[in-house]
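# Observations on the three-dimensional arrangement
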Amino acid sequence: MKKLASIALKGIAWLITLGGVVWAFGGLHFDFPFGRVVVPWAYLIAVVAVLVWVRPMLKKLAAVGSLFAVVLGWWLTLQPRNDRQWLPNNAEVAWAEVAGDSVTLHHVRNFDYKAGNTEPSPRWETHTVNLTQLTGVDLFINQWGDPLMAHPIVSFQFADAPPVCFSIETRKEVGEGYSAIGGIYRQFELIYIVADERDVIRVRTQLTNGETTRLYRTAFGPVAARERFMEYIHSLNSLKDHPRWYNAITTNCTTSIRAQHPSQERAHWDWRILINGSLDEFLAERGAILTDGLPLAELKAKALINSVALAADLDPDFSKLIREGRPGFGAKPVP
């Protein structure tokens, strides 16, 4: 038994060590400021040299652990910033001023997208909304071909003003594209895009191929909608002065929504919060979206808005048109 226990402990130690080596290699590859081709391989060569030349095993493990600690110590010094050369669509950081029931949102994105033109005309606006006019919350779920993953966009509805959308995204620099593995490291800053609904939806339905967007009415009434809206306001104002790293596991487009809610009131953890391609199924089970009693497959089919969004395009009634005939939108507001 002692021998088996010793073998098991050694196996666990080597697995942890191997995991640390793989993580450190990725950290150097994605985040090191220069020599990203050379430096990770130099680190790996150093690890191999330790494994070959250092004896006995405990010293070998300690030496590899020390190399990992050096990389980890450097990595933890990396700080997120707001002053990089950003792509035009996330060049500005949104923020808000709150005065009683009035909220003034600065740097609301309302770009002009034209079919066939991949370079939209930038337009950043200032919008003022009255919290007493909040009527509810709608949810867009966007997918781009991978059924396991999705991107939620939350849209707050006002009786006397156009919807205000929040999309939590990676803030990419000029020449930078999204990387799922890079998103685990300190590759991207986090950004809360505040946008006109026509902007944030049309960029996904008009300018991209192979993406699907579905629209759901949530069960939130005016009181709950106000609470959720202010959670977003607090989060985006915090990011203005204290930028944060995006992380594909811990701080992404879905986990960030959950994290901004008071800890004692958060939904119980569910794997679909992280692997969020089934987020609509999760929310329907909890009664968080209105289904009109439809089974999930039919609900998803009727929630698809790509064709109607394409047809509505620049119509001033874009938001009204994409909601017509959708499940849940004929229901009375929840008290």
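Worth saying up front: this structure is predicted, and the values here are computed from it rather than measured.

## Looking at the overall build of the protein
- Across its full length, the protein holds 11 helices and eight strands.
- In terms of principal-axis extent, the alpha carbons of the protein reach across some 75 × 50 × 40 Å.
- Among the 335 residues that make up the protein, the fraction classed as buried is 43%.
- The contacts in the protein between residues at least 6 apart in sequence include a share of 66% that link residues at least 24 apart.
- By element, 62% of the accessible surface of the protein is carried by carbon and sulfur atoms, the whole surface being about 17,200 Å².
- Averaged over its 34 positive side-chain charges, the protein has a centre that lies 11 Å from the centre of its 33 negative ones.

## Overview of the environment of Gly221
- Tracing the backbone shows Gly221 in the loop between β8 (212-217) and α5 (222-241).
- Of the residues examined, Gly221 reaches a relative accessible area of 6% and is grouped as buried.

## With respect to the environment of Arg36
- The residue Arg36 is located in the loop between α1 (2-31) and α2 (38-53) in this model.
- Using a relative accessible area of 36% as the deciding quantity, one classes Arg36 as partly exposed.
- Here the side chain of Arg36 touches Phe30 through a polar contact of 3.1 Å, landing on its backbone oxygen.

## Remarks on the side chain of Ser235
- Tracing the chain through its elements places Ser235 in helix α5.
- With near-sequence residues (within four places) excluded, Ser235 lies in contact with Tyr192 and Gln260.

## A few points about the packing of aromatic side chains
- Applying the stated criterion across every chain yields a total of 17 aromatic pairs.
- Between Trp23 and Trp75, the ring centres sit 5.0 Å apart and the planes meet at 80°, which makes this aromatic pair edge-to-face. Here the residue Trp23 occupies a position in helix α1, and Trp75 occupies one in helix α3 (residues 57-75), the gap between them amounting to 52 residues.
- Since its relative accessible area comes to 11%, Trp75 is described here as buried.
- With 5.8 Å between their ring centres and 80° between their planes, Phe156 and Tyr232 make a pair best called edge-to-face. In this pair, Phe156 is assigned in strand β5 (residues 151-158) and Tyr232 in helix α5, connecting sequence segments 76 residues apart. Take Phe156 and Tyr232: they sit in the same class, and that class is buried.

## Some points on the nonpolar core
- Residues Leu105, Phe156, Phe166, Phe229 and Ile233 are the most contacted members of the largest nonpolar core, which totals 40 residues.
- Those elements giving two or more residues to this core turn out to be β2 (102-109), β4 (134-143), β5, β6 (164-171), β7 (189-196), α5, α8 (279-285) and α9 (296-303).
- Per element, the largest residue contribution to this core is seven residues, and it comes from α5.

## Considering the side chain of Asn90
- As for its position among the elements, Asn90 is in the loop between α3 and β1 (95-99).
- Within polar-contact distance, the side chain of Asn90 engages the backbone nitrogen of Lys172 at 3.0 Å.
- Each residue touching Asn90, except ones within four places of it in the same chain, is listed here: Thr170, Arg171, Lys172, Ile191 and Ile193.

## Things to note about the packing of α1 against α2
- Relative orientation of the contacting elements α1 and α2 amounts to 155°, with a least axis distance of 8 Å. When the interaxial angle is binned, α1 and α2 end up roughly antiparallel. You can see that α1 and α2 cross each other, and the crossing is right-handed. Residues Trp14, Gly20, Val21, Ala24, Phe25, Leu28 and His29 of α1 form the contact with α2, whose own contacting residues are Val39, Pro40, Trp41, Tyr43, Leu44, Val47 and Leu51.

The rules we used
- Residues numbered from 1 in each chain as written.
- Predicted model: local features only at pLDDT ≥ 70, side-chain atom pairs only at ≥ 80, totals over all residues.
- Heavy atoms only, no water.
- Helix = DSSP H or I, 4+ residues; strand = E, 2+ residues; numbered from the N terminus.
- Buried < 20%, exposed > 50% of the residue type's maximum accessible area, 1.4 Å probe, protein only.
- Contact = heavy atoms within 4.5 Å.
- Areas by Shrake-Rupley, 256 points an atom, 1.4 Å probe, with all protein chains shown as cover.
- Lys, Arg positive; Asp, Glu negative; His and termini not counted.
- Charge placed at Lys NZ, Arg CZ, Asp CG, Glu CD.
- Polar contact = N/O pair within 3.5 Å; in protein donor to acceptor, adjacent residues only side chain to side chain.
- Phe/Tyr/Trp six-rings, centres within 6.5 Å; stacked < 30°, edge-to-face > 60°.
- Core = buried A, V, L, I, M, F, W, Y, C linked by side-chain atoms within 4.5 Å.
- Axes fitted to C-alpha atoms, helices over the stretch in contact; angles between N-to-C directions.
- Parallel < 35°, antiparallel > 145°, perpendicular 65-115°, else oblique.
- Left-handed = near helix turned anticlockwise from the far one by under 90°.

Treat this as a map of the structure, not an account of what it does.
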